[in-house]
Each structure stands twice: as structure tokens, then as C-alpha cells.
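Each chain, written out:
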Amino acid sequence: MKFNEGVLKMSKLLVVIDYQKDFVDGALGFEKAATLEQGIYNKVSQYLKEGHKVLFTYDTHHKEYLQTREGKNLPVLHCLKGTEGHELYGSLKEFVNADNTLHYEKEGFGIAPKDMLKLAEELGEDIKEIELVGVVTNICVISNLVMFQSQYRNADVIVDASLCASFDESLHEKALDVAIGLQAKVINR
């Protein structure tokens, strides 16, 4: 894992969680996810313009997915590595090779603890603000919030509610309540 070349400044990080084709208009797509594209694109562009870091996570599965614990509980093949469904959705593909970006393939809801240590080396320990956007609020967004909060104990963790979504609006709202309970700041709710 290495950041694409570029000049990094300040200590802000934007984490775009699993904004992939299969979650927008593919195997697990849902209408609300499609409405996030322009807002996420604009936020990524702004972070990069200001010289901040952006991390894209990818839900990543393989052909044996249906034999995993997750696959047994959610028996829908999705985000298979090497397929179109695994790719960033729509205009966000523009950022695949952008400066100041890092792309991380995770094989579970949240970044694995051992990988979080590696990411922290790449990101640096001086991160003071971490903002999360993406899908699915009550699964991967909240899981990654916990991971970043555990690694960066003194950073402000922010969830932009207007740029997160779930297939179930009540679970989206409950996850935002949990985020607040975990001392994250929820904006644009």
C-alpha cells in the first residue's frame, strides 16, 4: 500500500467507503446510493485540491465468497475482485490513479486490525481529522469508523450523513446515532 505520488499537506483524511458499482447499481445496488455520486465526487475533489489525503476502500470478495461467514449470511455474490462490480462507481473512477489517494481492498466489513497498522504507516500518525462517506452506513461505514477511532484516538472523526446511505433508512439513522454515541461528529444529517 502506497500513496500515489503528490504533495501532501495538513493532517486531514477523507475515507470513501465501498462506493463501488455493485453497491450502487449492481448486485446489491439501491436507489439512495446512486444519489451520493456527485456529492462524494465534489468532496473528494475538494480534499485533493486542498492537498489532503483520500483513502478509498473496496469491499473485496473472491469466488469462494458464498462459503464464508458473510456469504452464508448474505448469499449474494458481489464485489468480486476483477469484475466491473468491484470498481469504483461512475465519475469516482477518475480518482483511481489520482495523486494523494490510497486504494485499499478489504475482505470484510472493516479494515483488518493488522492492515490498519500498515495503513497508519502510510497515512502518518499526524492525522487530526478523519471524515467518512460511503455505503453501507450500518455495516461498513460504522465498522470502519470504529477502526479509525481505535487507531487515531485523538483525531476528530466525522461522518457526513448526507454522503452515506443504507438500503434501510432506519438502520442508516440508527448507525448515525451509534456514531454519535462513539463520539464521532455527524454532519449534514
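Residues numbered from 1 in each chain as written. Predicted model: local features only at pLDDT ≥ 70, side-chain atom pairs only at ≥ 80, totals over all residues. Heavy atoms only, no water.

**Observations concerning the overall build of the chain**
Then comes step 1: A tally of regular secondary structure across the chain gives seven helices and six strands.
Then comes step 2: The order of α-helices and β-strands along the chain, N terminus first, is β-α-α-α-β-α-β-α-β-α-β-α-β.
Then comes step 3: For 189 residues, the compact-globule formula gives about 16 Å, and the C-alpha radius of gyration of the chain, at 15 Å, lands near that figure.
Then comes step 4: For the chain, the C-alpha atoms occupy an extent of roughly 40 × 35 × 35 Å along the three principal directions.
Then comes step 5: By the burial criterion, 49% of the 189 residues in the chain qualify as buried.
Then comes step 6: When contacts within the chain are restricted to residue pairs at least 6 apart in sequence, those whose partners lie at least 24 apart make up 79%. (Helix = DSSP H or I, 4+ residues; strand = E, 2+ residues; numbered from the N terminus. Rg over C-alpha atoms; globule rule 2.2 N^0.38 Å. Buried < 20%, exposed > 50% of the residue type's maximum accessible area, 1.4 Å probe, protein only. Contact = heavy atoms within 4.5 Å.)

**A few points about the pairing of strand β2 (residues 53-59)**
Then comes step 1: For β2, the tally of buried residues reaches seven of seven residues, placing the bulk of the element in the interior.
Then comes step 2: Burial along β2 is two-sided: Lys-53, Leu-55, Thr-57 and Asp-59 facing one way and Val-54, Phe-56 and Tyr-58 facing the other are all buried.
Then comes step 3: Of the strand pairs in this sheet, strand β1 (residues 12-17) and β2 are connected by five bridges, and their pairing is parallel. Its bridge partner lying in β2, Leu-14 is registered against Val-54.
Then comes step 4: Bridge analysis of β2 against strand β3 (residues 101-106) gives six bridges, and the strand direction is parallel. Paired with Leu-55 across the two strands is Leu-102, which belongs to β3. (Pairing = 2+ DSSP bridges.)

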